[in-house]
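# Secondary and tertiary structure notes
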Amino acid sequence: MALFDCVCEAESGHARALAYETAHGTFRTPMFMPVGTSATVKGVTAGQLRDLQSQVVLANTYHLSLRPGADVVEAAGGVHTFMNYDGPMLTDSGGFQVFSLADTVKLDADGLTFRSIYDGAKVRWTPEDNMRIQQQLGADIAMQLDQCAPYPAERAFVARAVDLSASWARRCLAAHTRPDQTLFGIVQGGMHLDLRLRSVEALCEIEKESLAAGGRRFGGFGIGGYSVGESHEVMFETLGQVARALPKDRPRYLMGVGNPTTLVRAVREGVDMFDCVLPTRTARMGTAFSSTGRMNLRNAKYTRDFGPLDPACTCPTCQNHSRAYLRHLVKQNEMLGGILLSLHNLHYLLDLMRRAREAVLAGAYEDFYEEWMASPAARDY
């Protein structure tokens with residue numbers, strides 16, 4: 001496979017099993033990406049990520065550009081060398097983080113101005129600035145700068161965000177030149193199917209114009225602006241149609257989603273890639289995914305429960321530590337509690353997507369889906 005080639009190895013209904021080539025190896029879908037915001041998945045070493053068979057790790061452009069600075073990461077040899085992770089990596093644009101600080105952001109057609117959450121310094125980003133920063137960071141996949149509309153939002157606001165995101169996608173694609181890194185475009189449009197499809201159409205037209213001029217194409221497509229406050233049922237009213245409107249020959253990445261049942265349902269709709277802080281964030285709160293549903297290790301019923309966290313799980317945490325011990329760590333606010341539960345939760349989602357892929361390869365994804373939806377684990381949804 002050549003760099004950034006995408007091969008569809010199997011389909012089962014709308015579910016797909018892809019192989020995608022990067023400069024740091026091939027990743028296979030469906031898959032979940034652990035989030036390493038500041039070039040670290042909280043509490044988890046790069047070696048542990050490899051042991052968990054994590055494929056792609058996500059880092060955050062907003063945070064890394066502010067601390068330690070893109071120039072520092074570049075001088076270290078790029079984000080892979082900086083954090084000692086030799087597998088494929090993706091950097092989001094940081095746009096979501098910027099727009100979550102809505103009260104301090106000034107937006108115009110050319111870019112946006114915001115203040116650093118660390119020292120209050122004023123920062124200006126244009127799409128070209130954002131591409132320069134992501135190329136300095138050096139991940140295998142960069143994401144375009146876009147405007148993520150909140151939920152709920154007036155339709156007119158969402159429509160303007162779609163048009164601005166398309167304008168910025170064109171500029172990002174023109175500015176992105178690093179040959180060992182690819183760029184994903186992002187679909188916006190809130191919960192409005194027609195706006196979502198308009199966003200897809202705009203990205204395809206931008207790519208067509210770029211190729212006609214001797215430029216580059218998008219290496220894949222993010223589906224942004226979901227999981228921003230709406231119910232899961234509202235999201236699924238449009239998600240499948242949006243995913244399947246995108247080109248079939250590249251990955252479709254649902255951004256910021258990590259609930260196990262949501263992943264299983266979204267794969268069925270044609271989504272290939274996912275990321276979320278949920279597995280590590282909930283772990284630090286003492287919560288674990290399991291084959292019987294979520295477990296709150298703060299519950300007193302686990303005080304003398306010396307069985308494994310999840311008897312169906314093969315992760316190091318479940319193989320070596322009891323529920324009673326994990327509850328003790330959580331109640332004592334010991335950092336090891338959050339670390340062990342993070343390892344478990346990450347393993348849980350990575351393994352879930354591995355089994356989903358096996359089902360696609362076997363042509364039996366609908367059976368896998370129905371079995372999951374009938375299981376106690378589906379209560380996580």
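Since the model is a prediction, treat every value here as computed from it, not as a measurement.

With that settled, consider the overall build of the protein chain. When its secondary structure is counted, the protein chain shows 16 helices and 16 strands. A compact globule built from 381 residues would reach a C-alpha radius of gyration of about 21 Å, and the protein chain, at 20 Å, matches this within 12%. With 381 residues in all, the protein chain has 57% of them scored as buried. The long-range share in the protein chain, meaning contacts at least 24 apart out of those at least 6 apart in sequence, stands at 67%. One way to put it: in the protein chain the 39 positive side-chain charges average out to a point 5 Å from where the 42 negative ones average out.

As annotated in UniProt, the feature "binding site: substrate" (unreviewed entry) corresponds to Asp-92, Ser-93, Gly-94, Gly-95, Phe-96, Asp-146, Gln-188 and Gly-225 in the numbering used here. Beyond its immediate stretch of four places on either side in the chain, Phe-96 contacts Cys-148 and Val-228. Its location among the elements puts Gln-188 in the loop between β11 (182-187) and α8 (193-212). The exposure class assigned to Gln-188 is buried, which follows from its relative accessible area of 3%. Other than its neighbours up to four places away in sequence, Gln-188 contacts Asp-146, Gln-147, Cys-148, Ala-149, Val-162, Ser-165, Leu-195, Arg-196, Ser-199, Gly-224 and Gly-225. Among the polar contacts made by the side chain of Gln-188, one reaches the side chain of Asp-146 at a distance of 2.6 Å.

Here we take up the environment of Met-335. One can find Met-335 in helix α15 (residues 335-361). With relative accessibility at 67%, the residue Met-335 sits in the exposed group. For the pair Met-335 and Arg-284, spaced 51 residues apart in sequence, the C-alpha to C-alpha distance is 8.2 Å.

Next up on the list: the nonpolar core. Trp-125, Leu-239, Leu-254, Phe-274 and Tyr-365 are the most contacted members of the largest nonpolar core, which has 84 residues in total. For this core, the domains that each give at least three residues are domain 1 (3-274) and domain 2 (285-376). Setting aside chain neighbours within four positions, we find Leu-254 in contact with Ile-223, Tyr-226, Leu-239, Ala-266, Val-271, Met-273, Phe-274 and Asp-275.

Another point: the packing of helix α11 (residues 260-268) against helix α16 (residues 365-373). It is the contact of α11 with α16, at a shortest axis distance of 10 Å, that shows an interaxial angle of 155°. What the angle tells us is that α11 and α16 run roughly antiparallel. You can see that α11 and α16 cross each other, and the crossing is left-handed. Counting all contacts with α11, which are made through Pro-260, Thr-261, Val-264, Arg-265, Val-267 and Arg-268, the residues of α16 involved are Tyr-365, Glu-366, Phe-368, Tyr-369, Trp-372 and Met-373. For the contact of α11 with α16, the class distribution of residues is eight nonpolar, one polar and three charged.

Let us now look at the sheet that holds strand β5 (residues 57-60). Reading across the sheet, the eight strands line up as β4-β14-β13-β12-β11-β10-β6-β5 and stay open at both edges, with parallel pairing between neighbours. Looking at strand neighbours, the two that pair on one side only are β4 (31-34) and β5, the edges of this open sheet. The average undirected angle you get between the axes of adjacent strands in this sheet is 25°. Alignment of strand β12 (residues 220-223) against strand β13 (residues 252-254), held across three bridges, turns out to be parallel. Across the sheet, residue Gly-222 finds its bridge partner in β13, namely Tyr-253.

To continue, consider the packing of aromatic side chains. The full count for this structure, using the stated rule, is eight aromatic pairs. These aromatic residues form a ring-pair network of at least three members: Phe-4, Tyr-20, Phe-27 and Phe-184. The ring of Tyr-226 carries Arg-196 above its face, with NZ or CZ at 3.9 Å from the centroid. If you follow Arg-268 out to its NZ or CZ, it ends over the ring of Tyr-369, 4.1 Å from the centre.

As recorded in UniProt, the sites labelled "binding site: Zn(2+)" (unreviewed entry) are Cys-313, Cys-315, Cys-318 and His-344. A compact arrangement is adopted by the annotated residues: their sequence extent is 32 residues, whereas the largest C-alpha distance between any two is 8.4 Å. Locating Cys-315 in the fold gives a position in the loop between β16 (295-296) and α13 (316-320). Look at Cys-315 and you get buried, because its relative accessible area is 0%.

Domain annotation of the protein chain identifies domain 1 (3-274) and domain 2 (285-376). Each of domain 1 and domain 2 has a C-alpha centre, and the two are 27 Å apart. Each partner contributes to the interface: domain 1 provides 32 residues, whereas domain 2 provides 24 residues. Surface buried jointly by domain 1 and domain 2 totals about 2,300 Å² across both partners, of which 73% is contributed by carbon and sulfur atoms. A per-residue breakdown of the area domain 1 buries against domain 2 is headed by Leu-52, Val-264 and Arg-268, which together make up 27% of the total. Counting across the interface, domain 1 meets domain 2 through two salt bridges. One salt bridge in this structure joins Glu-366 and Arg-268, with 3.0 Å as the shortest N-O distance. Put simply, domain 1 and domain 2 have eight residue pairs in polar contact (both at pLDDT 80 or more) between them. Elements that contribute at least two residues to the side of domain 1 that touches domain 2 include exactly β1 (6-12), β2 (15-22), β4, α1 (46-51) and α11.

Parameters at a glance
Residues numbered from 1 in each chain as written. Predicted model: local features only at pLDDT ≥ 70, side-chain atom pairs only at ≥ 80, totals over all residues. Heavy atoms only, no water. Helix = DSSP H or I, 4+ residues; strand = E, 2+ residues; numbered from the N terminus. Rg over C-alpha atoms; globule rule 2.2 N^0.38 Å. Buried < 20%, exposed > 50% of the residue type's maximum accessible area, 1.4 Å probe, protein only. Contact = heavy atoms within 4.5 Å. Lys, Arg positive; Asp, Glu negative; His and termini not counted. Charge placed at Lys NZ, Arg CZ, Asp CG, Glu CD. UniProt positions renumbered as here; feature names shortened; annotations may be inferred. Polar contact = N/O pair within 3.5 Å; in protein donor to acceptor, adjacent residues only side chain to side chain. Core = buried A, V, L, I, M, F, W, Y, C linked by side-chain atoms within 4.5 Å. Domains from an automatic or database assignment. Axes fitted to C-alpha atoms, helices over the stretch in contact; angles between N-to-C directions. Parallel < 35°, antiparallel > 145°, perpendicular 65-115°, else oblique. Left-handed = near helix turned anticlockwise from the far one by under 90°. Nonpolar A, V, L, I, M, F, W, Y, C, P; charged D, E, K, R; others polar. Pairing = 2+ DSSP bridges. Phe/Tyr/Trp six-rings, centres within 6.5 Å; stacked < 30°, edge-to-face > 60°. Lys NZ or Arg CZ within 6 Å of the ring centre and 35° of its normal. Buried area = accessible area lost by both parts, 1.4 Å probe. Salt bridge = Lys/Arg side-chain N within 4 Å of Asp/Glu carboxyl O.

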